[in-house]
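A look at the structure
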Amino acid sequence: KQWYQRRVAITAGKDIDVLGILNSKIDTQPLINVAVVGHVDAGKSTLMGHLLCLLGHVSKKELHKNKTESQKLGKGSFAYAWVLDETGEERERGVTIDVAQTRFQTPKKTVNLLDAPGHKDFVPNMISGASQADFAILVVDSTPGGFEAGFEQGGQTREHVVLVRALGVQTLIVAVNKMENVAWGKERYDHISGELTVFLKTVGFKNSEVIFVPVSGLEGDNLLEKSKTPTLTEWYSGGSLVDIIDGLEAPKRCYDRPFRLIVTDVFKHPQMGLSVAGKVDSGFVIMGTPVVIMPGGTTAMIKSMTTVDDKSVDYSVAGEQCILVVGGTDQTKVSSTRCYF
């Protein structure tokens, strides 16, 4: 109680009782952070981009623009991927380079999505995204030769699984993608799930911690709603990808602990100044309060903060991704480490 009373801070001339606000929102949708990982060309960005469209997070105008511009470049199938791959280099190369972050809501969850790159050249960026995740979606290509390319030597499927497990992910959803290319065949699905189940056990995942789901990112089948495709429903009785996400048990957040921020990026905004991005690991932080940057012990002040969807906020709590604009220090004093209150 004494710790809590010391941390009802004054921001811009007003008191903010963060724990009181959280208690008043006890019935709101729990927040989870989900990283999407897998071998390059498994269709991660297309799958999640299409899901965002189905959820109504992408306007018809924006999607039409993506389709028109991708067709001009001879990459018509990339329209949904461009929802998340927004930079010119990503669109030109056809691969995700940096971690794309966005937030969306399902019927039962608020989801911070971290779409991680699959190319081996960008593994450090993938680690940055996976380190912020509570859960992970491993996307694999069911196309003949596609799964093997990612799973066998030289592919990133194995490496990504090892990394997300090492970074603390306990529950894994395996999205067996591009199932339309194998006519939604049960034999192919069983082969892939069998191969992965054996490997996942060696990494440390229990069978109860792994959920397989057949999907089509390009066609949007079995993403938002349960599939009605006869060749799938005759042997698959499970839910859609969103059904499975809704069934995940959100981790307990340590709101009443000291503030800890896992720093994932440091950059200088042209207008705002020094900015620090990351996930609040415990406690909460309020605009206008001082923080200590470790391990150097440098003190800085929180000038402003925004969410991953660029909304200005007065505070951020455990489990949330945020960008803090800090003053009283310089970029050399902050690295991808931890920031302490």
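Owing to the predicted nature of the structure, the values given are computational and were not obtained by experimental measurement.

A word on the overall build of the chain. When helices and strands are tallied, the chain shows 11 helices and 17 strands. Out of the 341 residues in the chain, the part that is buried amounts to 53%. Long-range pairs, those at least 24 residues apart, make up 70% of the contacts in the chain with a sequence separation of at least 6. Carbon together with sulfur atoms contributes 50% to the accessible area of the chain, which is approximately 16,000 Å² in total.

Pairing geometry for strand β9 (residues 260–269) and strand β10 (residues 273–282), over nine bridges, is antiparallel. Residue pairing in the sheet places Asp265 in a bridge with Ala277 of β10. The hairpin turn running from β9 into β10, its antiparallel successor, is three residues long.

Tracing the backbone shows Thr332 in the loop between β16 (321–327) and β17 (338–340). Distance in space between the C-alpha atoms of Thr332 and Val266 is 9.7 Å, their sequence separation being 66 residues.

What follows deals with the environment of Met179. Of note, Met179 is situated in the loop between β7 (172–177) and α9 (186–203). Taking the C-alpha atoms as reference, Met179 lies 5.7 Å from Ser216; in sequence the two are 37 residues apart. If sequence neighbours within four positions are ignored, Met179 has contacts with Ser142, Trp184, Gly185, Tyr189, Pro214, Val215 and Trp235.

Throughout the structure, instances matching the rule amount to six salt bridges. With a shortest N-O distance of 3.2 Å, Asp134 and Lys279 are connected by a salt bridge. Taken as a pair, Asp134 in the loop between α6 (123–130) and β6 (135–141) and Lys279 in strand β10 lie far apart in primary sequence, 145 residues in all. Since its relative accessible area comes to 13%, Asp134 is described here as buried. In this structure, Asp190 engages Lys186 in a salt bridge whose closest nitrogen and oxygen atoms are separated by 2.6 Å. Linking Asp190 with Lys186, this pair stays in helix α9, spanning four residues, or about one helical turn. Using a relative accessible area of 40% as the deciding quantity, one classes Lys186 as partly exposed. Among the ionic contacts, a cluster of salt bridges with common partners joins Asp134, Arg253 and Lys279.

Before going further, it helps to spend a moment on unusual backbone geometry. The backbone phi angle of Lys178 is positive, close to 60°, even though this residue is not glycine. Its location among the elements puts Lys178 in the loop between β7 and α9. If you check the backbone angles, Asn222 has positive phi at about 65° while not being a glycine. Turning to its location among the elements, Asn222 is positioned in the loop between β8 (210–214) and α10 (230–233).

What follows covers the nonpolar core. Counting 63 residues, the largest nonpolar core has Ile137, Val174, Leu196, Leu200 and Leu241 as its most contacted members. With six residues, the top contributor of residues to this core is β6. Excluding its chain neighbours within four sequence positions, the residues that come into contact with Leu196 are Val140, Phe147, Phe151, Thr157, Val174 and Phe212. With 18 residues, the next largest nonpolar core counts Val263, Leu274, Val280 and Val334 among its residues.

Before going further, it helps to spend a moment on the side chain of Thr298. By the secondary structure assignment, Thr298 is in strand β13 (residues 298–307). In this view, Thr298 contacts Val291, Val292, Ile293, Thr329 and Lys333; residues no more than four positions away in its chain are not counted.

For helix α8 (residues 157–166), every residue scored as buried is listed here: Thr157, His160, Val161, Leu163, Val164 and Arg165. Looking at the residues trailing α8, positive phi occurs at Gly168, about 105°.

Let's shift gears to helix α4 (residues 60–72). Here α4 spans 18 Å end to end across 13 residues, near enough to the 18 Å set by a 1.5 Å rise per residue. Among all positions in α4, only Leu63, Asn66 and Ser70 are buried. Down the axis of α4, the sector holding all buried residues measures 55°, keeping them to one side. Turned more than 90 degrees from where α4 packs its buried face, Lys60, Lys61, His64, Gln71 and Lys72 sit exposed. A positive backbone phi angle near 75° is found at Gly74, which sits one or two residues after α4.

Our focus in this paragraph is the confidence of the model for the chain. For residues with low pLDDT, the predicted coordinates do not support detailed interpretation. The predicted model of the chain has a mean per-residue pLDDT of 81, with 82% of residues at 70 or higher. The secondary-structure element of the chain with the lowest mean pLDDT is strand β1 (residues 10–11), recorded at 39, while β8 shows the highest, at 97. This model gives residues 1–14 a pLDDT under 50, and the stretch forms 23 contacts once residues within four places in sequence are excluded.

For the structure on display, the rule yields four aromatic pairs. Ring centres of Phe147 and Phe151 lie 5.1 Å apart, and the angle between their planes is 15°; this geometry places the pair in the stacked category. In this pair, Phe147 and Phe151 are both assigned in helix α7 (residues 146–151), four residues apart and thus about one turn of the helix distant. Side by side, Phe147 and Phe151 carry an identical accessibility label, which is buried.

About the thresholds
Think of each chain on its own: its residues are numbered from 1, step by step along the sequence as written. The predicted origin of the model limits local features to residues at a pLDDT of at least 70 and limits the giving and counting of side-chain atom pairs to 80 or more, whereas totals for whole chains, interfaces and linings rest on all residues. As a convention, hydrogens and water are excluded, and side-chain values are obtained from all of the structure's heavy atoms. Secondary structure elements follow DSSP: runs of H or I no shorter than four residues count as helices, runs of E no shorter than two count as strands, and numbering proceeds from the N terminus. Accessible area is worked out with a 1.4 Å probe on protein chains only. A residue is then buried under 20% of its type maximum, exposed over 50%, and partly exposed in between. We call two residues contacting when some pair of their heavy atoms lies within 4.5 Å. Accessible surface is estimated by sampling points in the Shrake-Rupley manner with a 1.4 Å probe; for residues, cover comes only from the protein chains shown. Note on pairing: two strands pair once DSSP finds at least 2 bridges between them. Salt bridge criterion: a side-chain nitrogen from Lys or Arg within 4 Å of a carboxyl oxygen from Asp or Glu. The set of buried Ala, Val, Leu, Ile, Met, Phe, Trp, Tyr and Cys residues whose side-chain atoms join them within 4.5 Å is what this entry labels a nonpolar core. The span one expects for a helix is its residue count, reduced by one, times 1.5 Å. Throughout, the arc means the angular range of directions from the helix axis out to the C-beta atoms. pLDDT is defined as a per-residue confidence score from the predictor, taking values between 0 and 100. For Phe, Tyr and Trp, where Trp contributes only its six-membered ring, two rings pair if their centres lie within 6.5 Å, and the inter-plane angle classes them as stacked under 30 degrees, edge-to-face over 60, or tilted in between.

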